[in-house]
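Coordinate analysis (summary)
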Amino acid sequence: AADRVGQLFWEALGASFSYEIPGDFHATDSGVALDVTISALDMGAVTVNLRERARVLMENRIQEAENTDQIYDENNEYREDFVMDALYDAALEALEQDAKTITWDLTLNLIYENGQWWIMPDQALLKALTGGILN
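Throughout this document, residue positions are counted from 1 along each chain, in the order its sequence is written. Totals for whole chains, interfaces and linings use every residue, but because this is a predicted model, local features are given only for residues with pLDDT of at least 70 and side-chain atom pairs only at 80 or more, for both listing and counting. Side-chain figures throughout are based on the complete set of non-hydrogen atoms in the structure, without hydrogens or water.

**Observations regarding the packing of helix H3 (residues 50-64) against helix H4 (residues 80-97)**
To keep things clear, this is the line we draw: Interaxial angle, 0 to 180 degrees, is taken between N-to-C directions of lines fitted to C-alpha atoms, where a helix line uses only the stretch in contact. By definition, any uninterrupted DSSP run of H or I lasting at least four residues is a helix, any uninterrupted run of E lasting at least two residues is a strand, and each is numbered from the N terminus. The cut-offs work like this: below 35 degrees is roughly parallel, past 145 is roughly antiparallel, 65 to 115 is roughly perpendicular, and the gaps in between are oblique. Should the near helix be turned anticlockwise from the far one by less than a right angle, the crossing is left-handed, and should it be turned clockwise, the crossing is right-handed. Contact criterion: two residues are considered in contact whenever any of their non-hydrogen atoms come within 4.5 Å of each other. In this classification, Asp, Glu, Lys and Arg are treated as charged, Ala, Val, Leu, Ile, Met, Phe, Trp, Tyr, Cys and Pro as nonpolar, and every other residue, Gly included, as polar.
Two elements in contact, H3 and H4, have axes whose closest approach is 8 Å; the angle formed by their N-to-C orientations is 125°. Our classification of the angle between H3 and H4 gives oblique. Here H3 and H4 pass one another in a crossing that is right-handed. From H3, Leu50, Arg53, Ala54, Leu57, Met58, Arg61 and Ile62 reach across to H4, where they touch Phe82, Val83, Asp85, Ala86, Leu87, Asp89, Ala90, Ala91, Glu93, Ala94 and Gln97. Of the residues that constitute the contact of H3 with H4, the class distribution is twelve nonpolar, one polar and five charged.

**A look at the pattern of salt bridges**
The test is simple: Each salt bridge in this description consists of a side-chain nitrogen of Lys or Arg and a carboxyl oxygen of Asp or Glu lying within 4 Å of one another. Relative accessible area decides the class of each residue, using a 1.4 Å probe on protein chains only: under 20% of the type maximum gives buried, over 50% gives exposed, and in between gives partly exposed.
On inspection of all chains with the given rule, the structure shows seven salt bridges. Salt-bridge contacts for Asp89 lead to Arg61; the nearest nitrogen and oxygen are separated by 2.3 Å. You can see Asp89 sitting in helix H4 and its partner Arg61 sitting in helix H3, a full 28 residues away along the chain. A residue is classified by how much of its surface remains accessible, and Asp89, at 28% relative accessible area, is partly exposed. Each of Glu52, Arg55 and Glu59 takes part in one network of salt bridges that share partners.

**Some words on the nonpolar core**
Quick reminder of the rule: What makes a nonpolar core is a set of buried Ala, Val, Leu, Ile, Met, Phe, Trp, Tyr and Cys residues whose side-chain atoms join them at distances within 4.5 Å.
Counting residues in hydrophobic clusters, the biggest one holds 29 residues, and the most contacted among them are Phe9, Ile38, Val46 and Leu106. Of all the secondary-structure elements, those providing two or more residues to this core are helix H1 (4-16), strand S3 (32-41), helix H2 (43-47), H3, H4, strand S4 (101-113) and helix H5 (123-129). Ranked by residue count, the leading element in this core is H4, at seven residues. Apart from the residues within four sequence positions on either side, Ile38 is in contact with Phe17, Ser18, Tyr19, Ile102, Thr103, Trp104, Leu106, Leu125 and Ala128.

**Some points on the packing of aromatic side chains**
Our working definition: Stacked, tilted and edge-to-face are the three classes assigned to paired rings of Phe, Tyr and Trp, where Trp is represented by its six-membered ring and a pair needs centres within 6.5 Å; plane angles under 30 degrees give stacked, over 60 edge-to-face, the rest tilted. Put simply, a charge is over a ring when the Lys NZ or the Arg CZ is close to the ring centre, within 6 Å, and near the line of the ring normal, within 35 degrees.
In total, this model carries three aromatic pairs according to the counting rule given. Considering the side-chain rings of Tyr72 and Tyr78, the 5.5 Å spacing of their centres and the 15° angle between planes classify their relative orientation as stacked. Tyr78 gets classed as partly exposed once you look at its relative accessible area, which sits at 40%. By the ring-pair criterion, three or more aromatic residues cluster together here, those being Tyr72, Tyr78 and Phe82. Its end group placed over the ring of Tyr88, Arg4 keeps NZ or CZ at 4.1 Å from the ring centre.

From the geometry alone we can't say anything about function, so treat these as descriptive.
Put into structure tokens, the structure is as follows:
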């Protein structure tokens, strides 16, 4: 994650992961497969209203501000730290109020190459590993 908002979401996503393996490995034409159920934070649910949450927080902070130097820079633009603080607080609020778990049932396809087993990533796995944010 490039900033503290991204780091917050990354940590929440990582902490939310769980999985179950309901069966055993089974043979496929290309190697071996394993059915898994992965549950994780639904990133779409916590990010869908993030912009609006941040906007409302910024408006409230502007109305409550005693000193506009904390809000605007020398060009009368929003200060980056002001915007990022509001975005971070909006992200915290979203994680507290909108967080839910989503579950995917998928099959991991494995191949044996160079002396070890490798999972062949597919779109379903990538979607699960990103909390559904990749479509």
